[in-house]
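# Chain and residue survey
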Amino acid sequence: ILGGVAVALAARRYAKKHTKTVALLKTLGNTPNDITIIFSITLSALGIVAVLMGYLLGWSLHWVIIAALGDLLPSNLAAPAANAYWIGGLTGFIALIAFAAPPILSLRQITPAATLNENYNSTFSLVWTNAIGFAAIISLVYLYSNSLLLTAYLTLGGLICLSGVYLLSRAGIHLIGLIIPNVSRSWRLGLNNLRRHKQSNACLLYTSDAADDSLRV
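Keep in mind that this is a model prediction, so the values were computed, not measured.

### Concerning the overall build of the protein
- From N to C terminus, the protein includes eight helices and zero strands.
- In the protein, the order of α-helices and β-strands from amino to carboxyl end is α-α-α-α-α-α-α-α.
- For the protein, buried positions account for 24% of its 217 residues.
- Within the structure as shown, the protein displays about 14300 Å² of accessible surface, and the carbon and sulfur contribution to it stands at 69%.

Okay, structure coming up:
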């Protein structure tokens with residue numbers, strides 16, 4: 001979860017930096033499908049390179065650890081299992097598709113007018129980004145546990161926790177309105193901005209909470 005949040009934040013920043021590039025491509029005649037193909041190839045190439053580097057690093061670390069701790073380990077260690085490679089690669093691509101693809105592929109929605117607007121933002125919903133990421137996490141839980149019952153329990157528990165955090169976040173943002181008249185002008189501007197974007201801010205709060213819980217675990 002923590003790694004997925006980091007990937008999602010990096011992908012959103014990457015998409016924001018390429019807004020004008022995509023808008024310029026649109027003015028040169030590229031269609032939304034062209035934009036999707038361009039960034040799909042980029043993501044696929046990035047995923048393949050990252051997975052291959054991960055294979056090499058994991059294989060190397062396996063033998064380094066054996067060489068460093070050989071005297072403390074039994075002599076009949078099993079060789080690295082072949083399924084570790086495809087499970088690791090599949091995990092990497094699921095994380096890439098779930099956390100990086102939504103904000104980047106939403107660049108197809110950029111209009112040519114964005115070349116003139118410094119503050120243009122993608123219209124892809126943060127709620128949908130979080131939902132796709134949560135679905136990916138659940139699929140990985142089943143992939144590693146191979147148990148529908150355990151996956152169902154974790155899904156239910158995760159939904160209850162995230163729903164509770166989201167509702168508390170919305171309630172806290174709503175209660176901010178009670179203290180706005182009693183604070184200074186600078187605080188008032190910041191708190192009003194927080195309330196104007198209450199849905200996205202609530203999503204960010206429970207995403208940060210999920211990342212914090214993962215780090216603690």
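### With respect to the packing of aromatic side chains
- Tallying each qualifying case throughout the model produces three aromatic pairs.
- Consider the rings of Tyr14 and Phe39, whose centres lie 6.4 Å apart with planes at 85°: the pair is edge-to-face. With Tyr14 in helix α1 (residues 2–17) and Phe39 in helix α3 (residues 32–68), the pair connects residues that are 25 residues apart, well separated along the chain.
- Residue classification places Phe39 among the buried residues on the basis of a relative accessible area of 6%.
- On the numbers, 6.5 Å between centres and 70° between planes, the contact of Trp59 with Trp63 is edge-to-face. Of this pair, Trp59 and Trp63 both sit in helix α3, four residues apart, which is roughly one turn of that helix.
- For Trp59, a relative accessible area of 45% translates into the label partly exposed.

### Regarding the packing of helix α6 (residues 148–179) against helix α7 (residues 185–196)
- One way to put it is that α6 packs onto α7 with a least axis distance of 9 Å and a crossing angle of 145°. For α6 against α7, the interelement crossing comes out left-handed. Counting all contacts with α6, which are made through Ile173, His174, Ile176, Gly177 and Ile179, the residues of α7 involved are Leu191, Leu194 and Arg195.

### Here we look at helix α4 (residues 83–105)
- Taking 1.5 Å as the rise per residue, α4 with 23 residues should run 33 Å; its terminal C-alpha atoms sit 31 Å apart, in good agreement.
- Within α4, burial applies to Ile87, Gly89, Thr91, Ile94, Leu96, Ala98, Phe99, Ala100, Ala101, Pro102, Pro103 and Ile104.

### Considering the side chain of Thr155
- Among the structural elements, Thr155 can be located in helix α6.
- Residue contacts for Thr155: discarding those within four places in its chain leaves Phe134 and Ile138.

### Digging into the nonpolar core
- Of all hydrophobic cores here, the largest spans 14 residues; its most connected members are Val22, Phe39, Leu43, Ile104, Leu107 and Ile110.
- At the level of secondary structure, the elements contributing two or more residues to this core comprise α1, α2 (19–27), α3 and α4.
- Of all the elements, α4 adds the most residues to this core, at four residues.
- Membership of the second largest hydrophobic core comes to six residues, among which are Ala8, Ala98, Phe99 and Ala136.

### Points about the side chain of Thr19
- Tracing the sequence through the fold places Thr19 in helix α2.
- Within the structure, Thr19 has its side chain in polar contact with the backbone oxygen of Ala15 (distance 3.2 Å).

### Regarding a nonpolar patch on the surface
- A surface patch of nonpolar side chains, amounting to about 590 Å² of accessible area, comprises Leu57, Leu61, Val64, Ile65, Leu69 and Leu72.
- The topology assignment puts Leu72 in the loop between α3 and α4.

### A few points about unusual backbone geometry
- With a phi close to 55°, Asn146 is a non-glycine residue in the positive phi region.
- With respect to the helices and strands, the residue Asn146 is situated in the loop between α5 (126–145) and α6.

### Thoughts on the confidence of the model for the protein
- Chain-level statistics for the protein give a pLDDT mean of 77 and a share of 80% at 70 or above.
- The least confident element of the protein is helix α8 (residues 198–216), whose mean pLDDT is 61; the most confident is α3, at 87.

### Topic: the environment of Val141
- Residue position: Val141 is located in helix α5.
- When the C-alpha atoms of Val141 and Leu154 are compared, they prove to be 8.4 Å apart, with 13 residues separating the residues in sequence.
- With near-sequence residues (within four places) excluded, Val141 lies in contact with Asn146, Thr151 and Leu154.

Basis of the calculations
Sequence order as written defines residue numbering, which begins from 1 separately in each chain. Given that this is a predicted model, residues contribute local features only at a pLDDT of at least 70 and side-chain atom pairs are listed and counted only at 80 or more, while totals for whole chains, interfaces and linings are drawn from all residues. Each side-chain value is derived from all of the structure's non-hydrogen atoms; neither hydrogens nor water enter the calculation. By the criteria applied, helices consist of DSSP H or I runs no shorter than four residues and strands consist of E runs no shorter than two, each listed in order from the N terminus. With a 1.4 Å probe rolled over the protein chains alone, any residue whose accessible area is under 20% of its type maximum counts as buried; one over 50% counts as exposed, and the rest are partly exposed. Per-residue and other accessible areas follow the Shrake-Rupley method at a 1.4 Å probe size, with only the shown protein chains counted as cover for residues. Planes of paired rings set the category: under 30 degrees apart is stacked, over 60 is edge-to-face and the rest tilted, where pairs are Phe, Tyr or Trp rings (Trp by its six-membered ring) whose centres lie within 6.5 Å. The convention used is that axes are lines fitted to C-alpha atoms, helices contributing only their stretch in contact, and that angles between N-to-C directions extend from 0 to 180 degrees. In this scheme the handedness of a crossing depends on how the near helix is turned from the far one: anticlockwise by less than a right angle means left-handed, clockwise means right-handed. Note on definitions: a residue-residue contact is assigned when non-hydrogen atoms from the two residues lie within 4.5 Å. One less than the number of residues in a helix, times 1.5 Å, gives the span that helix is expected to have. Definition used in this section: a nonpolar core is a set of buried Ala, Val, Leu, Ile, Met, Phe, Trp, Tyr and Cys residues joined via side-chain atoms within 4.5 Å. Here a polar contact is taken to be a pair of N or O atoms separated by no more than 3.5 Å, where protein atoms must pair a possible hydrogen donor with a possible acceptor and residues adjacent in sequence count only if both atoms sit in side chains. Only residues whose relative accessible area exceeds 30% and that form no salt bridge are eligible for patches; like-charged ones are grouped when within 9 Å, while nonpolar side chains (Val, Leu, Ile, Met, Phe, Trp, Tyr) are grouped when within 5 Å. For salt bridges, the criterion is a side-chain nitrogen of Lys or Arg within 4 Å of an Asp or Glu carboxyl oxygen. For every residue, the pLDDT score states the predictor's confidence, bounded by 0 at the bottom and 100 at the top.

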